[in-house]
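Single-letter residue listing:
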Amino acid sequence: MDNNKITVTPMAIEEAEKLGIKGWGEWSCEPSVFDWQYSDNETAYVFEGDVIVKYGAGETAHITPNTLCFFPKGLKCVWDVKKAIRKAYKFN
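Residues numbered from 1 in each chain as written. Predicted model: local features only at pLDDT ≥ 70, side-chain atom pairs only at ≥ 80, totals over all residues. Heavy atoms only, no water.

**Overview of the packing of aromatic side chains**
Now for step 1: Taken as a whole, this structure holds nine aromatic pairs when the rule is applied.
Now for step 2: Each ring, one from Tyr45 and one from Phe47, has its centre 5.5 Å from the other, and the planes form 75°; the classification is edge-to-face.
Now for step 3: Overall, the relative accessible area of 0% leaves Tyr45 in the buried class.
Now for step 4: Their ring planes at 70° and their centres at 5.6 Å tell us that Tyr89 and Phe91 sit as a pair that is edge-to-face. (Phe/Tyr/Trp six-rings, centres within 6.5 Å; stacked < 30°, edge-to-face > 60°. Buried < 20%, exposed > 50% of the residue type's maximum accessible area, 1.4 Å probe, protein only.)

**Some points on the pairing of strand β6 (residues 67-71)**
Now for step 1: Burial within β6 is extensive, with five of its five residues counted as buried.
Now for step 2: Direction of pairing for strand β1 (residues 7-10) relative to β6: antiparallel, over a ladder of four bridges. In the sheet register, Val8 faces β6, and the bridge partner there is Cys69.
Now for step 3: In terms of strand pairing, strand β4 (residues 42-55) meets β6 through five bridges, oriented antiparallel. Looking at the pairing, Ala44 lines up with Cys69 of β6. (Helix = DSSP H or I, 4+ residues; strand = E, 2+ residues; numbered from the N terminus. Pairing = 2+ DSSP bridges.)

**Some words on the nonpolar core**
Now for step 1: Counting 17 residues, the largest nonpolar core has Val53, Phe71 and Trp79 as its most contacted members.
Now for step 2: Of all elements in the fold, only β4, β5 (59-63), β6 and β7 (76-91) reach the threshold of two or more residues within this core.
Now for step 3: The residues touching Phe71, leaving out its near neighbours within four places in the chain, are Ile6, Tyr38, Asp40, Asn41, Glu42, Ala44, Ile63 and Trp79.
Now for step 4: With seven residues, the next largest nonpolar core counts Met11, Ile21, Tyr45 and Ala88 among its residues. (Core = buried A, V, L, I, M, F, W, Y, C linked by side-chain atoms within 4.5 Å. Contact = heavy atoms within 4.5 Å.)

Put into structure tokens, the structure is as follows:
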């Protein structure tokens, strides 16, 4: 994985369940905008929501339902939650 990039991969819930997402933590957030920095690598599966994450030199990641996302350790970004998000996540 690229240490400076967010990756977003479409994935059916059935495939995500094979990764063990039922045992991961869950997080949700109402529409809002906030700064964030990742203290560790995070893998997340998004059940609901619509989010634009801005990072780097003008790069963006569009996060929507049924996607597996990877956020690298040290990444500084701005989350713009357009529609309430609910995700399962684990640090690795």
